[in-house]
Amino acid sequence: FDYFLKGINNGMPDHPKVRLEIREFGDEVKEVRYEKQWPPENIMWTPFYLNGQSNQLSSESNTQDSECTFDLADDSAVYSYVFKRDTEIVGSMKLTLYIQLEDCVDANIFAGIQKFHEGKEVNFEGVYGFANDIVSKTALRVALRTVNESLSLPYSPEHDFDTLVPLKENEVAKLEFQFSPSATFFSKGDELRLVLQGQYFINKRKIHQVFAYLGNTNGRCKVLSTSKYPSQLLMPVIEVQ
């Protein structure tokens with residue numbers, strides 16, 4: 001404020017643009033470091049493909065077609081990845097889903113990222129200061145899935161949100177989500193879980209807040225994972241030396 005509002009020469013232009021806090025457990029800060037840009041220049045954008053048969057996330061593309069169906073009113077789909085080495089996930093993850101809807105033409109899809117250490121879930125302080133939150137989350141209304149390609153980046157979809165396009169029967173829709181930014185350390189053996197459901201995570205008693213998002217009361221969502229429809233989670237990976 002001194003530099004930009006008062007014109008005081010305090011060396012602000014030479015200060016790094018990004019102050020990064022890596023979290024490992026809850027509100028515990030594992031490391032603080034400075035970066036010249038966001039996302040950091042040393043990340044590797046790595047796709048992890050959804051496998052509906054094993055409910056796993058894999059760094060290898062699907063060789064066998066699979067699908068996973070969940071009830072939008074009271075069910076979820078979970079995909080898991082266990083880290084083979086110490087890893088940081090730093091930035092905004094992008095989720096690409098190919099889906100079909102059953103018994104409905106529109107739905108709200110909620111996606112969340114959870115961390116498990118030694119078999120127990122790790123809770124974090126949420127982006128607005130709420131306790132018992134997950135690593136990151138996002139949501140998208142299926143009928144508002146249209147992406148503005150001219151404004152988007154490969155890892156950052158920008159939606160128009162101005163035209164409703166409900167699904168037709170048996171139509172396959174491509175959904176592109178961007179998670180809220182996070183910076184999380186996963187040690188070797190830690191597990192990352194991608195959770196898909198038709199209800200906001202407050203309904204699962206994950207966080208406590210005064211607002212809620214509209215969930216679904218009927219219908220089912222089928223997630224496709226094939227060579228033609230490669231549903232995937234794109235993660236900004238930094239492997240720790």
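Above: the structure in question.
As the structure is a prediction and not an experimental result, all values here were calculated from the model. (Residues numbered from 1 in each chain as written. Predicted model: local features only at pLDDT ≥ 70, side-chain atom pairs only at ≥ 80, totals over all residues. Heavy atoms only, no water.)

Student: Go over the pairing of strand β8 (residues 94-102) with me, naming the residues and quoting the values.
Tutor: The buried fraction of β8 amounts to eight of the nine residues, a majority that puts the element mostly inside the structure. Strand direction decides the pairing type here: β8 and strand β12 (residues 173-178), joined by six bridges, are antiparallel. Residue pairing in the sheet places Tyr 98 in a bridge with Lys 174 of β12. Alignment of β8 against strand β16 (residues 232-239), held across three bridges, turns out to be antiparallel. Across the sheet, the residue bridging to Lys 94 is Leu 234, located in β16. Note: β8 against strand β15 (residues 220-225), five bridges, orientation antiparallel. Bridge pairing links Tyr 98 to Leu 224 in β15. (Buried < 20%, exposed > 50% of the residue type's maximum accessible area, 1.4 Å probe, protein only. Helix = DSSP H or I, 4+ residues; strand = E, 2+ residues; numbered from the N terminus. Pairing = 2+ DSSP bridges.)

Student: I'd like a description of unusual backbone geometry, backed by residues and values.
Tutor: A cis amide bond links Trp 38 with the next residue in sequence, Pro 39, at an omega value of -5 degrees. As for its position among the elements, Pro 39 is in the loop between β2 (28-35) and β3 (44-51). Despite not being glycine, Phe 161 shows a phi value in the positive range, around 55 degrees. Tracing the backbone through its elements, the reader meets Phe 161 in the loop between β11 (136-141) and β12. For Asn 170, which is not glycine, the phi dihedral falls at a positive 70 degrees.

Student: Describe in detail the packing of aromatic side chains, supporting the description with residues and values.
Tutor: The full count for this structure, using the stated rule, is seven aromatic pairs. Ring geometry for Tyr 3 versus Phe 4: centroids 5.0 Å apart, planes at 85 degrees, classification edge-to-face. For Tyr 3, a relative accessible area of 29% puts it in the partly exposed group. With a relative accessible area of 64%, Phe 4 lands in the exposed category. On the basis of an interplanar angle of 45 degrees and a centroid distance of 5.4 Å, the ring pair of Tyr 98 and Tyr 229 is categorised as tilted. Taken as a pair, Tyr 98 in strand β8 and Tyr 229 in the loop between β15 and β16 lie far apart in primary sequence, 131 residues in all. Taking relative accessible area as the criterion, Tyr 98 reaches 13% and is therefore assigned buried. (Phe/Tyr/Trp six-rings, centres within 6.5 Å; stacked < 30°, edge-to-face > 60°.)

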